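Structural overview for review
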Amino acid sequence: MREVVLKTPGDFAEWRCAARGLLAGGVAPDEVSWRGSEEGASLFGDAVAAAPGAQLSLPRELVEIADRVICHRDAEVPARLYRIMWRALHDRNLLARATDADVDWLRKADKAIRRDVHKMHAFVRFRRLGEEPGRESFAAWFEPSHRILRLTAPFFQRRFYGMDWAIVTPDARAIWQDETLTYGPGGTKDEVPDSDVVEDQWRTYYGAIFNPARVKIDAMRAEMPKKYWKNLPEAQDIAPLLAGAEARVERMRAEAVSMANPLTGKWRTRVQDELTRGEEIETLAELAKAVDRCTRCPLYCDATQGVAGEGPEAARIMLVGEQPGDQEDLQGRPFVGPAGQVLNEALEEAGLDRTQLFLTNAVKHFKFEPRGKRRLHQNPTNAEIDICRWWLDKERVFVQPGLIVTLGASALRGVTGKSASIKSMRGAVHELEGGTKLIATIHPSFLLRLPDRARAAEERAMFVADLLRARKLAA
Ligand code: URA
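Description of the structure in this document. Being a predicted model, the structure only gives us computed values, none of them experimental. Each chain carries its own residue numbering, running from 1 in the direction its sequence is written. Per-residue local features are limited, in this predicted model, to residues with pLDDT of at least 70; the limit for side-chain atom pairs, both in listing and counting, is 80 or more; totals at the level of whole chains, interfaces and linings are taken over all residues. As a rule here, side-chain values cover all heavy atoms of the structure and leave hydrogens and water aside.

**What about the sheet that holds strand β9 (residues 358-361)?**
The pairing criterion for strands is at least two bridges between them, as found by DSSP. Put simply, DSSP H or I for four residues or longer makes a helix, DSSP E for two residues or longer makes a strand, and each gets a number counted from the N terminus. Sheet architecture is open: five strands sit in the order β9-β8-β12-β14-β13, paired in mixed fashion. Only two strands of the sheet have a single partner each, and these edge strands are β9 and β13 (430-431). Taken together, the two bridges between β13 and strand β14 (residues 437-441) define a ladder with antiparallel strand orientation. In the sheet register, glutamate 431 faces β14, and the bridge partner there is lysine 437. Residue contacts are counted whenever heavy atoms from the two residues lie within 4.5 Å of one another. Between N-to-C directions, angles span 0 to 180 degrees; the directions come from axes that are lines fitted to C-alpha atoms, helices contributing only their stretch in contact. Seen against the sheet, helix α18 (residues 453-474) touches β8 (317-321), β12 (403-407) and β14 and runs at an angle of roughly 170 degrees to β14.

Structure (structure tokens):
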């Protein structure tokens with residue numbers, strides 16, 4: 001009997017190395033005993049001797065499944081997987097035999113792992129640790145049912161590429177720092193703060209996506225099992241949201257606006273009437289709250305919140321962008337994502353102080369298309385820009401800027417009500433009704449999309465020159 005002692009349960013590379021050696025040596029499954037090591041030492045005995053050069057032909061799908069299923073906590077997993085591999089060497093169609101007991105077990109174990117991965121993607125909540133110039137660091141505590149950290153960490157790497165983070169689980173930790181992903185030993189819950197300011201954003205997001213008309217409590221419990229609640233800031237809102245659900249549904253029924261064709265002027269007028277009805281907006285702060293409640297067009301349905309403009313009421317220059325992006329939608333502030341970063345740098349170069357400007361957007365809700373876990377920006381239609389002009393005009397009444405700088409074509413339409421190319425408007429100072437000056441330039445995200453470095457540098461210099469012209473004009 002051969003004994004294989006695995007140092008790191010759940011480590012596919014370690015198991016595969018041992019299994020390859022055994023398969024290549026023709027060692028039958030019932031001649032091997034597999035166990036985890038308490039001392040943390042990996043002992044393959046002579047099992048691995050033949051591993052490096054061994055050429056074994058196994059179905060790719062099976063290897064992919066094994067890579068996941070090795071994370072299962074069932075202590076029998078290394079042995080069962082080895083038996084399945086052994087059988088698959090002699091039976092290429094093994095995976096297609098759905099009634100086979102080994103295959104049935106494998107499929108069920110794989111399903112359990114996939115479900116656990118899905119839950120971890122959804123329920124990890126980061127808490128802020130500290131901030132170094134230009135980079136923030138976060139940590140999260142999570143207790144997955146299986147040893148799946150290796151399977152999930154790449155998802156968080158893609159999703160939170162721009163910050164440093166650690167995910168601590170009882171078995172292992174993943175650390176993303178200096179754009180490098182490393183793994184370390186498991187930890188305890190008390191290593192991670194249990195609350196922070198980011199929680200408010202999660203709770204706002206959760207409150208915003210909670211649709212009382214669609215509540216199905218059993219389905220909700222199945223999707224968000226109670227065992228995850230203790231680490232979810234938004235879980236504390238579930239009871240009050242459910243308690244108020246019925247009343248909210250009644251209110252929605254009473255206030256329902258049927259979705260007529262948004263392109264018809266009739267719909268626009270009706271919505272406009274609805275909005276102005278009884279709503280006294282006297283300050284920019286009240287305006288921001290009203291923007292968040294806006295249901296004028298269907299974009300509010302999927303966005304986290306309405307994002308109003310920000311900046312001093314006495315600002316001389318108003319900068320108008322297109323619409324909030326992913327980060328703006330979550331944080332509730334304009335230009336805080338990648339395009340905001342480009343804008344900040346250009347403003348600085350042009351000698352403009354962002355805190356002295358009023359920054360806003362033509363459209364106040366994020367329009368996107370879900371793609372897996374990502375939300376891909378979509379351009380607003382002319383109708384959406386025109387409907388949202390009601391808010392932009394209100395902001396203009398409050399701020400009364402001497403100069404408006406439009407960033408991109410949507411902003412230009414938002415301000416002027418007409419479609420025109422940036423090219424035809426750029427380089428000159430225009431005058432709007434009432435004497436407000438207008439400078440039209442590109443949107444900073446355009447610079448992020450240019451693959452050619454020389455072209456990007458040229459476009460960026462022109463963008464800074466436009467902002468410089470704005471500064472001189474406003475002065
Ligand atoms: N792009 C915009 O147009 N506005 C924002 O606020 C962010 C990105």
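**A short note on empty space enclosed by the protein**
Of the grid points, spaced at 1 Å and generated over the protein atoms alone, those admitting a 1.4 Å probe that cannot get out make up cavities, while open sets with protein on both sides within 12 Å along at least five of seven lines make up pockets; any residue with an atom within 4 Å of a point is treated as lining. Grid points are joined across faces, edges and corners, and a volume is the space filled by probe spheres set on the points. Counting across every chain of the model gives two cavities of 30 Å³ or more. Looking at the largest cavity, its volume works out to about 70 Å³. In terms of lining residues, the largest cavity is bounded by Cys294, Arg296, Cys297, Leu299, Val363, Lys364, His365, Glu384, Ile387, Cys388 and Trp391. By the convention adopted, Pro, Cys, Tyr, Trp, Phe, Met, Ile, Leu, Val and Ala count as nonpolar, Lys, Arg, Asp and Glu as charged, and the other residues, Gly among them, as polar. Residues that form the lining of the largest cavity fall into these classes: seven nonpolar, one polar and three charged. By volume, the second largest cavity amounts to about 30 Å³. If you trace the second largest cavity, you find it lined by Pro59, Leu62, Ile84, Ala88, Asp91, Arg92, Leu94 and Leu95. Across the lining of the second largest cavity, the residue classes tally to six nonpolar, no polar and two charged.

**Some points on the packing of aromatic side chains**
A pair of aromatic rings is counted whenever rings of Phe, Tyr or Trp (Trp by its six-membered ring) have centres within 6.5 Å, and the orientation is called stacked for planes under 30 degrees apart, edge-to-face for over 60 and tilted otherwise. Applying the stated criterion across every chain, the model contains 12 aromatic pairs. Judged by centre distance (5.6 Å) and plane angle (50 degrees), the rings of tryptophan 34 and tyrosine 82 are tilted. Taken together, the residues span a long stretch of sequence, with tryptophan 34 in strand β2 (residues 32-36) and tyrosine 82 in helix α3 (residues 77-90) at a distance of 48 residues. Here tryptophan 34 matches tyrosine 82 in class, with each residue buried. With a 1.4 Å probe rolled over the protein chains alone, any residue whose accessible area is under 20% of its type maximum counts as buried; one over 50% counts as exposed, and the rest are partly exposed.

So yeah, pure geometry; function would need other evidence.
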